[in-house]
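Single-letter residue listing:
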Amino acid sequence: MATRHFLTLLDLSQDELRYLIQRAITIKNGLKAHGPTYTPFTNRTLAMIFEKSSTRTRVSFETAMAQFGGHALFLSPRDTQLGRGEPIGDTARVLSEMVDAVMIRTFSHQGLEEFAAASDVPVINALTDDYHPCQLLADVMTWTELRGSVKGRTAVWIGDGNNMCHSWINAARQFDFKLRICCPEGYDPREDILAAAGDRVVIERDPMTAVAGADLVTTDVWASMGQEEEQARREADFAGFQVTEAMLDAAAKDVLFLHCLPAHRGEEISETLLDDPRAVVWQEAGNRLHAQKALLEFLMLGQVNG
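These figures come from a predicted structure and were not determined experimentally. (Residues numbered from 1 in each chain as written. Predicted model: local features only at pLDDT ≥ 70, side-chain atom pairs only at ≥ 80, totals over all residues. Heavy atoms only, no water.)

A.B. asks: So what about the packing of helix H1 (residues 14-34) against helix H5 (residues 133-147)? Which residues, and what values?
C.D. replies: One way to put it is that H1 packs onto H5 with a least axis distance of 10 Å and a crossing angle of 70 degrees. For the element pair H1 / H5, the angle class is roughly perpendicular. Contacts between H1 and H5 pair Leu17, Leu20, Ile21, Gln22, Ala24, Ile25 and Lys28 from the former with Leu137, Val140, Met141, Thr144 and Glu145 from the latter. Residues of the contact of H1 with H5, tallied by class, amount to eight nonpolar, two polar and two charged. (Axes fitted to C-alpha atoms, helices over the stretch in contact; angles between N-to-C directions. Helix = DSSP H or I, 4+ residues; strand = E, 2+ residues; numbered from the N terminus. Parallel < 35°, antiparallel > 145°, perpendicular 65-115°, else oblique. Contact = heavy atoms within 4.5 Å. Nonpolar A, V, L, I, M, F, W, Y, C, P; charged D, E, K, R; others polar.)

Given below as structure tokens:
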């Protein structure tokens, strides 16, 4: 089987992504019913390269490998020759000789692509400055678990046109739902990513208009990692874009709220929004484990029946 990478949602076909979502739900249900008895990764190793800090990403991938009977190696720039200037391609070639897959959480998407081009084993994007596709697998899994097929439904992104927004745009293309993006002027997503989605994605400036009748509302922090010095300016620019219970009241009666976490209560969301029953962020966070298990299994073993 040719090596497959997962750098964006566009690396898999629509059918493969739908398979992954259903497979993740099956894996989750099996774990709940029987415990971690399915161990297809005996003696397999995942290298995890972290140039950006993480809670959910590290815990979910490391636990996934352990429950599947494999092993995960945590590597920071301090632990590797990457931190001392070894070319990305050289590191990729070395790791390809030793491990079964590589997960990278980094800044430059171009650097990730360079690593994948030199790698003979699957490479997974666990977040770059441009995309966060693993989070979208968990998000669509959560939406599907609770509401069935997402095809033809309407999601609303409120906030910065950042890496999460870019991945929501790709998700609208791949899972065939409508996406309304609501952001202040000057914070739009990248034009090429937006244009490729065609009429599935529209930009709105008024949050209450954007959420009207929506099936799902989601957001992210206003200042991502590396943008901390912009915090004060962003807080001023995003005034009026805080997601509140009143905003959800304007959406569909069965609306769901998602947030990739960590959340800044009192900033991009109201202080009490995560306590609202329409907020399903803890289930969403937990689904990172199951969605990534399905992804790892698919990249290393292919599609599995049952």
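A.B. asks: Help me get a handle on the sheet that holds strand S8 (residues 216-219), residues and values and all.
C.D. replies: Taken in spatial order, the five strands make up an open sheet running S7-S6-S5-S8-S9, and their pairing is parallel. Sheet topology places strand S7 (201-204) and strand S9 (256-259) at the edges, where each strand pairs with a single neighbour. For this sheet, the mean inter-axis angle between neighbouring strands, taken without regard to orientation, is 20 degrees. For strand S5 (residues 154-158) and S8, the ladder comprises four bridges, and the chain directions are parallel. Along S8, the bridge assignment pairs Trp157 with Thr218. (Pairing = 2+ DSSP bridges.)

Purely geometric stuff here, so don't read any function into it on its own.
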